[in-house]
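Residue-level structural notes
One-letter residues, chain by chain:
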Amino acid sequence: MWLSKIPWMLTGEKQKGVGSRLCELLRDEYPLAYQLSVCVAPHSTGESPLQHYNCLLCLARLQRYADGIIWFDNDEVMNRLLKATRAPPGGFSNVTLNAMNHHISSALCGVLCPIDSLTPKTGVSLGMEPWELIRSVCPMPANKFIHVNHVSERKSSWIDIAKNATNFLQQRNQDGQHYTSLSNVIVSRGDPTGSFPSHINAIEERIKKCYNTVSWNPYPCDFWIGKRSLSKTDKPSLTIASNYSSVIDLLQRVVNRSQEMYNAGAYLHWYQKYGCDKEYFECAFESVNNVIASYQESILS
């Protein structure tokens, strides 16, 4: 069984429909193949009056057809880059679209590029990284959203890199409640001397503490190690892929704003014109609410 990787965005209106439709067609054509999707959520301030409807419908399709969903939030990426550049409040002009795209692509390379830990002795990669990511991070069908945290630094110890990675992590919601992770894969790259294994225990304890791992998972952290770095400058990098409960905020925001519009009957005629009636919306609300409920149940177990 092979695995397909489908990158698409929740931001652009055309990308939403094409991406979700492609997921559906691939699932119909290859029902036994594993499917990993990558999506980027739009800024919460809005890019279109229909963005919350479209996000709702597409997230419901993703939940139905994908086996794993790597997700990024434009707001989170921008705030992270602002923090990294130490920009003053309101200094959004310091973060360009290219910088945001570079960060997202680097994070994806961190978890999806071939890694020594999963490469056979022949030295030829079998491309097992996406499958192992699904198996390790999101084996439960109701909890399949993967948050990725990536840091790359030169002339830093592995402990310092791990500290910086967790410092960039948003650990609490607006109510001050700590987010929780169900499982994690930590990928180190750029370790030609083989020094990373000696720091695994300390890094694992920091990940468990900062990501607030669930108590029912006895082995919440898996480690992949690669000698080669992602960059030509041989900068070491650390990438943390986590089944992280911060996705609840994104899903709840989409549901709440879509529900307000739906209850008011706003813009529904635009969808009904193309055969998307209220039944589609009701099914989408139910699907996304079930995902939220499943995450809430998992972190409280």
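Above this text is the structure in question.
Structure report, in brief. (Residues numbered from 1 in each chain as written. Predicted model: local features only at pLDDT ≥ 70, side-chain atom pairs only at ≥ 80, totals over all residues. Heavy atoms only, no water.)

**With respect to the pairing of strand 7 (residues 237-244)**
For strand 7, a buried count of 8 out of 8 residues is recorded, marking the element as mostly surrounded by other parts of the structure. Residues of strand 7 alternate between two faces, with Ser-237, Thr-239, Ala-241 and Asn-243 on one and Leu-238, Ile-240, Ser-242 and Tyr-244 on the opposite face, all of them buried. Bridge analysis of strand 4 (residues 145-152) against strand 7 gives 6 bridges, and the strand direction is antiparallel. If you follow His-147 over to strand 7, its bridge partner there is Ser-242. In this sheet, strand 7 lies alongside strand 5 (residues 181-189) in antiparallel orientation, the contact comprising 7 bridges. Paired with Val-187 across the strands is Thr-239, a residue of strand 7. (Buried < 20%, exposed > 50% of the residue type's maximum accessible area, 1.4 Å probe, protein only. Helix = DSSP H or I, 4+ residues; strand = E, 2+ residues; numbered from the N terminus. Pairing = 2+ DSSP bridges.)

**Focus on the side chain of Ser-181**
Positionally, Ser-181 belongs in strand 5. Residue classification places Ser-181 among the buried residues on the basis of a relative accessible area of 0%. Within the structure, the side chain of Ser-181 is placed 3.2 Å from the side chain of Asn-184, a separation counted as a polar contact. Dropping the residues within four chain positions of it, Ser-181 is found in contact with Tyr-211, Asn-212, Thr-213, Val-214, Ser-242, Asn-243 and Tyr-244. (Polar contact = N/O pair within 3.5 Å; in protein donor to acceptor, adjacent residues only side chain to side chain. Contact = heavy atoms within 4.5 Å.)

**Concerning the environment of Gln-51**
Tracing the sequence through the fold places Gln-51 in helix 2 (residues 51-65). For the pair Gln-51 and Val-254, spaced 203 residues apart in sequence, the C-alpha to C-alpha distance is 8.9 Å.

**Points about the packing of helix 2 against helix 8 (residues 247-264)**
Helix packing for two helices is described by the angle between their axes and how far apart those axes are. Their axes nearest at 8 Å, the elements helix 2 and helix 8 cross at an angle of 120 degrees. Overall, the two elements helix 2 and helix 8 adopt an arrangement that is oblique. Remark: the crossing between helix 2 and helix 8 carries left-handed chirality. Only Leu-251, Val-254, Val-255, Arg-257, Ser-258, Met-261 and Tyr-262 of helix 8 make contact with helix 2, whose side of the interface consists of His-52, Tyr-53, Cys-55, Leu-56 and Leu-59. Residue composition of the contact of helix 2 with helix 8, by class: 9 nonpolar, 2 polar and 1 charged. (Axes fitted to C-alpha atoms, helices over the stretch in contact; angles between N-to-C directions. Parallel < 35°, antiparallel > 145°, perpendicular 65-115°, else oblique. Left-handed = near helix turned anticlockwise from the far one by under 90°. Nonpolar A, V, L, I, M, F, W, Y, C, P; charged D, E, K, R; others polar.)

**As for the side chain of Ser-246**
In this fold, Ser-246 is placed in the loop between strand 7 and helix 8. If near-sequence neighbours (up to four positions away) are discounted, Ser-246 is found in contact with Trp-71, His-147 and Tyr-179.

**Description of the packing of aromatic side chains**
Within the structure shown, the criterion is met by 11 aromatic pairs. With a centroid separation of 5.0 Å and 80 degrees between ring planes, the pair formed by Trp-158 and Phe-196 is classed as edge-to-face. Taken as a pair, Trp-158 in helix 6 (residues 158-168) and Phe-196 in the loop between strand 5 and helix 7 (200-210) lie far apart in primary sequence, 38 residues in all. Both residues of the pair, Trp-158 and Phe-196, belong to the buried class. Aromatic pair Tyr-179 and Tyr-244: ring centres 5.6 Å apart, planes at 65 degrees, arrangement edge-to-face. Here Tyr-179, found in the loop between helix 6 and strand 5, pairs with Tyr-244, found in strand 7; they are 65 residues apart in sequence, far enough to count as distant. This pair shows no difference in class: Tyr-179 is buried, exactly as Tyr-244 is. Pairwise contacts between aromatic rings join Tyr-53, Tyr-262, Tyr-271, Phe-281 and Phe-285 into one cluster. (Phe/Tyr/Trp six-rings, centres within 6.5 Å; stacked < 30°, edge-to-face > 60°.)

**Focus: unusual backbone geometry**
With the exception of glycine, most residues fall at negative phi, and the peptide bonds are largely trans. Positive phi, normally seen in glycine, also occurs at Asn-212, with a value near 50 degrees. Located in the positive-phi region is Tyr-267, a residue other than glycine, with phi close to 65 degrees. The topology assignment puts Tyr-267 in the loop between helix 8 and helix 9 (268-272). Judged by its relative accessible area of 30%, Tyr-267 is partly exposed.

**Overview of the pattern of salt bridges**
All chains considered together, the criterion is met by 6 salt bridges. Residues Lys-208 and Glu-204 are paired through a salt bridge, measuring 3.6 Å at the closest nitrogen-oxygen approach. Of this pair, Lys-208 and Glu-204 both sit in helix 7, 4 residues apart, which is roughly one turn of the helix. Taking relative accessible area as the criterion, Lys-208 reaches 25% and is therefore assigned partly exposed. Here the residues in one salt-bridge network are Arg-21, Glu-24 and Arg-61, joined through shared partners. (Salt bridge = Lys/Arg side-chain N within 4 Å of Asp/Glu carboxyl O.)

On their own, these measurements won't tell you what the molecule is for.
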